[in-house]
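So you can see what is in the structure, the chains are spelled out below.
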Amino acid sequence: MSKSITDKVIRNASGNLPFSEILQRNLSRRAVMRGSLAALATMGSLGLAACGGSSDDDDASETPGSDPGTTPTTPTTPPEALKLGFDSLPASMTHACVVPAGYVAHVLGAWGTPLNDNAQPWDRNGNNSANDLLNSTGMHHDGMHYFPLEGSSTEGLLVVNHEYIDQGALHPNGATRVAGKRPVEEVRKEINAHGVAVMHIRQANGRWEIVNNSRYNRRFTSATAMKLAGPVAGSDWVKTPFSPTGAMVRGTNNNCGNGTTPWGTYITAEENWASCFVNTGTRPAHQVRVGVSTATGRYGWESAANDASEVLGEFARFNVTPSGADATQDWRNEVNGFGYLVEIDPYDPNSIATKRSAMGRFAHEGCAYGKLEAGKPISFYSGDDSQFEYLYRFVSEAVWDPKDAERTDRLAVGAKYLDRGTLYVARFDADGSGTWLPLTPASAGTGGRTLGDEFGSQENIIINTRGAADFVGATPMDRPEWTATHPGNGDVYLSLTNNTRRNAAAGVNAANPRLNNVNGHIVRWHDEAGADTFKWEIFVFGSNAGADADTNRSGLTAMNELASPDGLAFDDRGILWIQTDNGIDNGRNNDVARTINDQMLAVIPPAMGASSGTGPVINSANQADLRRFFVGPNEAEITGFAFTPDYSTIFLNVQHPVNWPAYDTDDATVASAAVVRPRSSTVVIQRADGGKIGV
């Protein structure tokens, strides 16, 4: 998540014991350092998955009516065969991307790249229209996934989130106001620059390119009609003039991290959406808890209301101040249609995206599912990315049937697994154990009361997810962001980006042990879908190389120092990729930010319990196992991760660069000598010899 739209206000006033204090108590019980990760991997401690699809490089056809999806394959790669095959990169602070020797990188689908002939080419002066943005890639790329067509590693659908906008870059002269109102063309342009893009991409002569006018190419924006499913759908919470029955919502916003499903759909996470709305009256508790604005929305979209061209309150809906006789006469409920995980079927251009309310309503940062086992329910994990917020798990009511991976009615499969189940929030304890606390009406909370006593029905609990988590005693975390599941052993990882507000008054705990945690860390755990308890440990602490031992608890060196771990993903072989969002940290005040730009690192981790000792998994004895693979351009966040089934291509996103990419070239490693209008972009990384990435 970009620092530009981070919710910096502490909205958790619960007083629940924070993760940092739990972690501090936990660490006081630990003394023995771990051995080498590489040695453990050689001994076969990893249960790794093989390539998740065909390695056939033949182009796939676009036959109408055919099913372009693929069925997951059985893991076959032995763990001892997997080793990192590149040297860790040195630090870089330039207006260009850096990749290891023998690799090449080029730009794909930069902001404003047309998807069809309804869009004009991107204009260097910012003069593209709202209609252009509706038919082009959006702004500030984030989470993404590659969906192969017929299993191909040379043709597929790249689905990319567009998290937020930079008004200064989007418009010729930044955002403007006329008599206190935002111009409707600017507002529509900004709305269309948000959301998600589905891009049909194909490799030709070694270069990836967008297939213009493909039937698969789509944009979902902050104005796209979507279905609402789960407990909240049809309730009084979501009835609006746009959907008096509460069955539909309009738009998806601030799409940050992502996830996928075993049946071949994409999940986009709505993160910092709340401040786009404004309530100038008395805010109910749930609006206060998520951070609805009180004076003006983040972009002032509501100020364009009552323009002669406005269609069904397209701008007025961002002002959720009650003004009518009921919810169908004003937009008080519009904000309740946001804060969900949204399921998209990229293979079906006619499908309607669906918001899955049963999975909770908060600032979602991605969604990873746990290890699949036939006949058992599926777990999905998601962090709430704000300081002192929580980690959640959703467990499906339905048990996994592998045949569902072969179905082509994918959103119907999604309804089976994602609309009915139990939402949990995590409590981390100092002894390395944890408990999943159910968020249901019968769940016990404070003062001898249940969640039902406090909030009422399940749809009320979902609308008030953060408040419900407060009430049952969940552990406040240091900005819980992306989750990732090991493809073989099912261990789940969570990036905790940072928390500069964790002071002596807030306290520390075992899972968040550092005061003023500017560098962040990663935790991992192992549990089963049918169990309500789990075991957890610290994987790595972020730090600058020169810090003292209390700060640099993982012993990081100049070749792998990192801060603010954010994007987190496994490839199907079992390599963990770690991306950072340290940026310039308000002027490169952070010691890591003074040394290196944001980056992506790789490591092959051992399974939990496979190594001796109880210290952080990454420590001074195994520094060579954590290697820097990529360094981004100045001031940019590195986020999003996808790969082709044969691992010949890895895609990542560069968000909010300050002076990149260079004009008139698609080479991502070229630094511009002149000032350019910056464009968030996908970077395509390949080996020059065509081999597999990372090994």
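A few points on the structure. All figures in this text were calculated on a predicted structure; none of them were measured in a lab.

### With respect to the overall build of the protein chain
In step 1: Counting secondary structure elements, the protein chain contains 11 helices and 30 strands.
In step 2: Here the protein chain, with 695 residues, has 62% of them falling under the buried criterion.
In step 3: Counting only contacts in the protein chain whose residues sit at least 6 apart along the sequence, the fraction spanning at least 24 positions is 70%.
In step 4: Carbon and sulfur atoms make up 50% of the accessible area of the protein chain, which totals about 22400 Å².

### Focus: the environment of E459
In step 1: With respect to the helices and strands, E459 occurs in helix α9 (residues 458-463).
In step 2: Residues E459 and T440, 19 residues apart in the sequence, show an inter-C-alpha distance of 9.7 Å.
In step 3: Aside from chain neighbours lying at most four places away, what touches E459 is P231, V232, S235 and W237.

### Considerations on the sheet that holds strand β23 (residues 533-541)
In step 1: The 9 strands lie next to each other as β13-β14-β16-β17-β18-β23-β22-β21-β20, forming an open sheet whose pairing is antiparallel. The open sheet has two edge strands with one neighbour each: β13 (364-369) and β20 (480-485). The mean inter-strand angle of the sheet, taken between neighbouring strand axes irrespective of direction, is 30°.
In step 2: Taken together, the 5 bridges between strand β17 (residues 421-428) and strand β18 (residues 433-438) define a ladder with antiparallel strand orientation. Note that in β18 the partner of V425 across the bridge is L437.
In step 3: Helix α7 (residues 410-418) contacts β14 (377-384) and β16 (391-399) of the sheet and is inclined by roughly 110° relative to β16.

### Re the sheet that holds strand β29 (residues 649-655)
In step 1: Across the sheet, which stays open at both edges, the 4 strands sit in the order β1-β30-β29-β28 with antiparallel pairing between neighbours. Strand pairing shows two members of the sheet lacking a second neighbour, β1 (103-108) and β28 (637-643), which therefore form its edges. Strand-to-strand twist of the sheet, defined as the mean angle between neighbouring strand axes without regard to direction, takes the value 25°.
In step 2: Bridge count between β28 and β29: 6 bridges; the pairing is antiparallel. Among the inter-strand pairings, A642 is bridged to a residue of β29, identified as F651.

### Some points on the pattern of salt bridges
In step 1: Using the criterion set out here, one finds 33 salt bridges in the structure.
In step 2: The closest approach of N and O atoms between D330 and R332, which form a salt bridge, is 2.7 Å.
In step 3: Taking the relative accessible area as the measure of exposure, D330 reaches 3% and is therefore buried.
In step 4: Between R466 and D384 there is a salt bridge, with its nearest N and O atoms 2.8 Å apart. You can see R466 sitting in helix α10 (residues 465-472) and its partner D384 sitting in strand β14, a full 82 residues away along the chain.
In step 5: Each member of the salt-bridge network shares a partner with another, and the members are R289, D384, E389, R466 and D470.

### What to know about the side chain of Q287
In step 1: As for its placement among the helices and strands, Q287 is situated in helix α6 (residues 285-290).
In step 2: When neighbours within four sequence positions are excluded, Q287 is seen to be in contact with N279, V292, V320, R332 and V335.

### Thoughts on the pairing of β20
In summary, the side chains of a regular strand alternate between the two faces of the sheet.
In step 1: Within β20, 6 of the 6 residues are buried, leaving the element largely enclosed by the surrounding structure.
In step 2: Bridge count between β20 and strand β21 (residues 492-496): 4 bridges; the pairing is antiparallel. Its bridge partner being in β21, A484 is matched across the sheet by Y493.
In step 3: Where β20 folds back on β21, the antiparallel hairpin that results is connected by 6 residues, among which G490 adopts a positive phi of roughly 80°.

### What about helix α5 (residues 184-193)?
In step 1: Counted residue by residue, α5 has 8 buried out of 10 residues, so it is predominantly covered.
In step 2: All of the buried residues in α5 are V184, E186, V187, K189, E190, I191, N192 and A193.
In step 3: Turning to α5, the residues buried within the fold contact α3 (130-134), β3 (155-162), α4 (167-170), β4 (195-204) and β6 (218-220).
In step 4: G195, located one to two residues past α5, shows a positive phi value of around 110°.

### Focus on the environment of A316
In step 1: Positionally, A316 belongs in the loop between α6 and β11 (341-344).
In step 2: With 14 residues separating them along the chain, A316 and D330 place their C-alpha atoms 8.8 Å apart.

### Structural notes on the nonpolar core
In step 1: Counting 52 residues, the largest nonpolar core has W263, F380, Y392, Y417, V425, L439 and L451 as the members making the most contacts within it.
In step 2: Top element by residues in this core is α10. It accounts for 4 residues.
In step 3: If we skip the residues at most four places from it in the chain, L451 touches P438, L439, T440, P441, S443, G456, I461, A468, F471 and V472.

### Remarks on unusual backbone geometry
In step 1: That bond from W660 to P661 is cis: its omega, 0°, falls within 30 degrees of zero.
In step 2: Inspection of the secondary structure puts P661 in the loop between β29 and β30 (681-687).
In step 3: Unusually for a residue other than glycine, N516 sits at a positive phi of about 45°.
In step 4: Mapping N516 onto the fold places it in the loop between β21 and β22 (521-526).

### Overview of the environment of S351
In step 1: Mapped onto the elements of the fold, S351 is located in the loop between β11 and β12 (354-356).
In step 2: With relative accessibility at 9%, the residue S351 sits in the buried group.
In step 3: Note: C-alpha distance between S351 and L411 (60 residues apart in sequence) is 8.2 Å.
In step 4: Excluding residues that lie within four positions of it along the chain, S351 makes contacts with R218, D345 and L411.
In step 5: A polar contact is formed between the side chain of S351 and the backbone oxygen of D345, at a distance of 3.3 Å.

### Quick word on the packing of aromatic side chains
In step 1: Taken as a whole and judged by the stated rule, the model has 33 aromatic pairs.
In step 2: Judged by centre distance (5.3 Å) and plane angle (25°), the rings of F643 and Y647 are stacked. No difference in accessibility class separates F643 from Y647, as the two residues are buried.
In step 3: Among the aromatic residues, those joined into a ring-pair cluster are F86, Y103, W577, F629, F641, F643 and Y647.

About the cut-offs
- Residues numbered from 1 in each chain as written.
- Predicted model: local features only at pLDDT ≥ 70, side-chain atom pairs only at ≥ 80, totals over all residues.
- Heavy atoms only, no water.
- Helix = DSSP H or I, 4+ residues; strand = E, 2+ residues; numbered from the N terminus.
- Buried < 20%, exposed > 50% of the residue type's maximum accessible area, 1.4 Å probe, protein only.
- Contact = heavy atoms within 4.5 Å.
- Areas by Shrake-Rupley, 256 points an atom, 1.4 Å probe, with all protein chains shown as cover.
- Pairing = 2+ DSSP bridges.
- Axes fitted to C-alpha atoms, helices over the stretch in contact; angles between N-to-C directions.
- Salt bridge = Lys/Arg side-chain N within 4 Å of Asp/Glu carboxyl O.
- Core = buried A, V, L, I, M, F, W, Y, C linked by side-chain atoms within 4.5 Å.
- Polar contact = N/O pair within 3.5 Å; in protein donor to acceptor, adjacent residues only side chain to side chain.
- Phe/Tyr/Trp six-rings, centres within 6.5 Å; stacked < 30°, edge-to-face > 60°.

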